[in-house]
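Understanding the architecture of this molecule
So you can see what is in the structure, the chains are spelled out below.
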Amino acid sequence: MINKAQLLMFCSLLLAGCSGDGDGRDVPVSETDKTEIRLAADVWNVMEGTRATTYDNAAALQTEAHFTCTAYEANSNPLVAYIPTTTVDWIDGSSRWGFNSGNDHYYWPASGNLDFFGYMPATKPSYIAADPALTYTADHNVTFTCSSLPVTNTEQGSSLKEFMFGMALGKNEVNAGSGVPLTFQHPFARIKLQLAASHPNVTIYSIKFRSIKNNGNFTYNNSASTSTWVPFGDATDFVLSLTGDAAIFDDNPASETPIGDYYIMIPQDWAGEIVVNADCLYWGKKKNYPSLTTTVPTNWQPGYSYTYTFNISPDDLIVNVAKFTEQW
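Attention in this report is confined to the structure presented alongside it. (Residues numbered from 1 in each chain as written. Predicted model: local features only at pLDDT ≥ 70, side-chain atom pairs only at ≥ 80, totals over all residues. Heavy atoms only, no water.)

What follows covers the overall build of the protein. Within the protein one finds three helices and 23 strands. Burial analysis of the protein (328 residues in total) assigns 48% to the buried set. Within the protein, counting contacts between residues at least 6 apart in sequence, those at least 24 apart form 69% of the total. Element-wise, carbon and sulfur atoms account for 50% of the exposed surface of the protein, whose accessible area totals about 16000 Å². (Helix = DSSP H or I, 4+ residues; strand = E, 2+ residues; numbered from the N terminus. Buried < 20%, exposed > 50% of the residue type's maximum accessible area, 1.4 Å probe, protein only. Contact = heavy atoms within 4.5 Å. Areas by Shrake-Rupley, 256 points an atom, 1.4 Å probe, with all protein chains shown as cover.)

Given below as structure tokens:
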């Protein structure tokens, strides 16, 4: 017969065997007793619900992407990490996202909600300043400092276009057991350049965007769901120099022709002065335009793409700008 002391000791050992280390790794005797935490990463525009991806296509988002993620106990202040800051990778063989290349497994707590915060790429790019560092607060606000923009989508990797962040708040086994919908947001503006359709033969040597702020402090206010940029530092000229085949547009295309690459910009109210150095061929005669200038004021906003269409006539430079929230 088991006496009271033996029974108490047995219960204590049983409880100790089922307890965890407090970081979400607590695995019961049978792992089927708890639901593993899975992530369902997605990328959307910050201003509207139009789908957008930071990679060239949806497949690349899965096969090439890595992001950093932390899960906090909801409403904890100061923040209490339930899942420590770790890299999340796409696991090809399992067709899912996995913590630390699938080596770490975390389970939903028995009670309470979790708040998830992540950013991509997993290693912050060089234009995200180390000081002051990227900050995530208990009230789910996000701040960081950016410097030395613009950059192209090829400077940080062949597919990557920008640094982004995402969050999913108040999640638990019931409302997110099949996958935490971690939604990423675009904090930057993007510009693309193109030559107008049916344009005469032209060689573009340089395009200069005058007086752009390339440093800024970013704040995302969660309660208001708003993003704010405060540019700082001296304004500088962004000069796109074209050489070789990239500078020559001689096929009179039926549709617009891209000029250069895409460029990530700090959102700001830009005065819009553009200077172009180009040669054009009109009726077999070459004309040189060393400093065609026009002004197209633009308020660059987070999460939007701006397309500048250049039309160089014998007498003038015309640049039209269109603002898009479509896929980019």
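A few words on the side chain of Arg-96. Within the fold, Arg-96 resides in strand β4 (residues 96-99). Ignoring anything within four residues of it in the chain, the contact list for Arg-96 reads Glu-36, Arg-38, Asp-89, Trp-90, Ile-91, Gly-102 and His-105.

Moving on, we come to the pairing of strand β3 (residues 81-91). Relative to β3, strand β2 (residues 66-73) is paired through six bridges, and the arrangement is antiparallel. Each residue of the ladder has a partner; that of Ala-71, found in β3, is Ile-83. Summarising the sheet, β3 and β4 pair through four bridges and their orientation is antiparallel. In the strand pairing of β4, Trp-90 is matched with Trp-97. (Pairing = 2+ DSSP bridges.)

This part covers unusual backbone geometry. Residue Asn-77 is joined to Pro-78 through a cis peptide bond whose omega torsion reads 5°. Following the sequence through the fold, Pro-78 ends up in the loop between β2 and β3. Of the consecutive residues Asp-131 and Pro-132, the connecting peptide bond is found in the cis state with omega at 0°. Following the sequence through the fold, Pro-132 ends up in the loop between β5 (114-120) and β6 (135-136). In this model, Asn-100 sits at a positive phi of 50°, which is unusual for a non-glycine residue. Along the chain, Asn-100 turns up in the loop between β4 and β5. Non-glycine residue Ser-148 carries a positive phi angle of around 65°. Structurally, Ser-148 can be placed in the loop between β7 (142-146) and β8 (151-152). Given the relative accessible area of 51%, Ser-148 is considered exposed.

A sheet is described by the order of its strands in space; here four strands give the open sequence β6-β7-β13-β14, paired in antiparallel fashion. Both edges of this open sheet fall to β6 and β14 (226-232), since each of them pairs with a single strand only. Both β6 and β7 contribute to a ladder of two bridges, which runs antiparallel. Across the sheet, residue Thr-135 finds its bridge partner in β7, namely Thr-143.

Turning our attention to the pairing of strand β12 (residues 202-212). A regular strand places its side chains so that they alternate between the two faces of the sheet. Bridging between β12 and strand β16 (residues 248-249) involves two bridges; their strand directions are antiparallel. Of the residues in β16, the one forming a bridge with Thr-203 is Ile-248. Note: β12 against strand β19 (residues 273-282), seven bridges, orientation antiparallel. Note on β19: the bridge partner recorded for Lys-208 is Val-275. Across five bridges, the pairing between β12 and strand β15 (residues 236-241) is antiparallel. Of the residues in β15, the one forming a bridge with Lys-208 is Val-239.

What follows is about the packing of aromatic side chains. Ring pairs (aromatic) are described by centroid distance and by the angle formed between their planes. As enumerated under the stated definition, the model contains 24 aromatic pairs in all. When the centroid spacing of 5.3 Å and the interplanar angle of 75° are considered together, the rings of Phe-67 and Phe-184 count as edge-to-face. Here Phe-67 is found in strand β2, whereas its partner Phe-184 is found in strand β10 (residues 183-185), with 117 residues between them in sequence. Residue class for Phe-67 comes out buried when judged on its relative accessible area of 0%. For Phe-184, a relative accessible area of 1% gives the class buried. Ring plane angle 75° and centroid distance 5.5 Å describe the contact between Phe-209 and Tyr-308, whose orientation is recorded as edge-to-face. Here Phe-209 is found in strand β12, whereas its partner Tyr-308 is found in strand β22 (residues 305-312), with 99 residues between them in sequence. Both residues of the pair, Phe-209 and Tyr-308, belong to the buried class. It is Arg-190 that lies over the ring of Tyr-262; its NZ or CZ is 3.8 Å from the centre. The ring of Tyr-304 carries Lys-323 above its face, with NZ or CZ at 4.2 Å from the centroid. (Phe/Tyr/Trp six-rings, centres within 6.5 Å; stacked < 30°, edge-to-face > 60°. Lys NZ or Arg CZ within 6 Å of the ring centre and 35° of its normal.)

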